[in-house]
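Structure assessment
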Amino acid sequence: MDSKKTIVISGGTSGIGLATARILVAQGHNVILLGRSVEKGEKAVDTLAAYAGQVRFIAADVCDESACQRALAQGEIYFGAVHGLVTAAGQYEEKLLQYETLAAIEKLFAVNVYGTMTLCRLIQPYLRRSAGGSIVTVSSDAGLQGNVACSVYGATKGAIVAFTKSYALEAAPYGIRVNCVCPGDVQTPLLREQLQRNPKLTMSELREHYPLYRIAEPAEVGEVIAFLLSEKASFMTGTAVPVDGGLTSW
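Quick caveat, the model's predicted, so the values are computed rather than measured. (Residues numbered from 1 in each chain as written. Predicted model: local features only at pLDDT ≥ 70, side-chain atom pairs only at ≥ 80, totals over all residues. Heavy atoms only, no water.)

**Remarks on a nonpolar patch on the surface**
Taken together, the side chains of Leu96, Tyr99 and Val148 make up a nonpolar region of the molecular surface, amounting to roughly 340 Å² of accessible area. Looking at the element boundaries, Val148 is found in the loop between strand E5 (133–138) and helix H5 (151–171). (Patch = residues over 30% accessible without salt bridge, like charges linked within 9 Å, V, L, I, M, F, W, Y side chains within 5 Å. Areas by Shrake-Rupley, 256 points an atom, 1.4 Å probe, with all protein chains shown as cover. Salt bridge = Lys/Arg side-chain N within 4 Å of Asp/Glu carboxyl O. Helix = DSSP H or I, 4+ residues; strand = E, 2+ residues; numbered from the N terminus.)

Given below as structure tokens:
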């Protein structure tokens with residue numbers, strides 16, 4: 001196992017972010033969970049109660065640069081150093097472009113793209129003080145291939161892939177690795193909301209799109225993220241790793 005490290009996880013109070021946190025604390029690391037909802041943050045910390053000294057929730061919206069700055073500073077004070085980042089905060093929208101509004105498009109980019117970029121920009125001085133580190137951004141299969149009614153969402157996730165590859169080149173001289181995971185559908189609150197909005201879509205129908213004929217569990221994506229954060233992936237940077245049960249290989 002790597003030496004004990006501190007990892008910041010945006011969107012860390014549920015889904016992939018929380019699953020990743022659970023894996024990391026079990027490995028002996030510290031996690032700083034970022035999220036907008038204090039209630040969800042407290043519940044997330046409660047689920048990790050067995051690792052209480054290794055977990056800290058800090059309320060922060062990735063669209064609020066000042067809040068992100070304060071959160072990183074507080075996290076460093078609490079744990080003494082920051083060594084990594086996972087940008088799991090994100091929003092999903094499924095809508096044909098002709099029905100989109102400019103406000104909705106801007107909101108999706110603000111959270112998925114600008115929020116990711118802001119945290120990556122702000123955390124670099126912390127990682128440099130730690131003599132390097134690792135960042136894992138969270139994209140989607142929609143960032144690698146076209147999906148119907150996902151032109152805007154897919155554009156935000158494609159932007160994350162392109163950003164990751166370019167930022168990895170900028171960060172490499174400082175010993176900072178930057179990689180990206182591209183999950184397909186995952187059993188998260190976002191997926192449950194999607195199914196509720198579209199009652200004609202069933203889990204059984206979703207499974208039929210996957211060569212492995214099932215939907216991923218959050219921990220299956222979290223394990224890949226934990227690997228990319230670790231020294232086991234020490235020669236990996238600028239990669240976009242599909243975690244999609246073969247979806248993008250059809």
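**Focus: the UniProt feature "domain: Ketoreductase" (unreviewed entry) in the protein chain**
Mapped onto the present numbering, the UniProt feature "domain: Ketoreductase" (unreviewed entry) falls at residues 5–187. Here residues 5–187 is 47% helix and 19% strand, with 28 Å between the C-alpha atoms at its ends. (UniProt positions renumbered as here; feature names shortened; annotations may be inferred.)

**Focus on the pattern of salt bridges**
When charged atoms on two side chains of opposite charge get close, those side chains can pair. If you walk through the whole model with that rule in mind, you get five salt bridges. The salt bridge involving Glu65 is made with Arg121; its shortest N-O contact spans 3.3 Å. Here the residue Glu65 occupies a position in helix H3 (residues 65–79), and Arg121 occupies one in helix H4 (residues 102–129), the gap between them amounting to 56 residues. Judged by relative accessible area, Arg121 falls into the partly exposed class, the value being 46%. Here Arg214 makes a salt bridge to Glu220, at a shortest N to O gap of 2.7 Å. Residue classification places Arg214 among the partly exposed residues on the basis of a relative accessible area of 39%. With relative accessibility at 32%, the residue Glu220 sits in the partly exposed group. (Buried < 20%, exposed > 50% of the residue type's maximum accessible area, 1.4 Å probe, protein only.)

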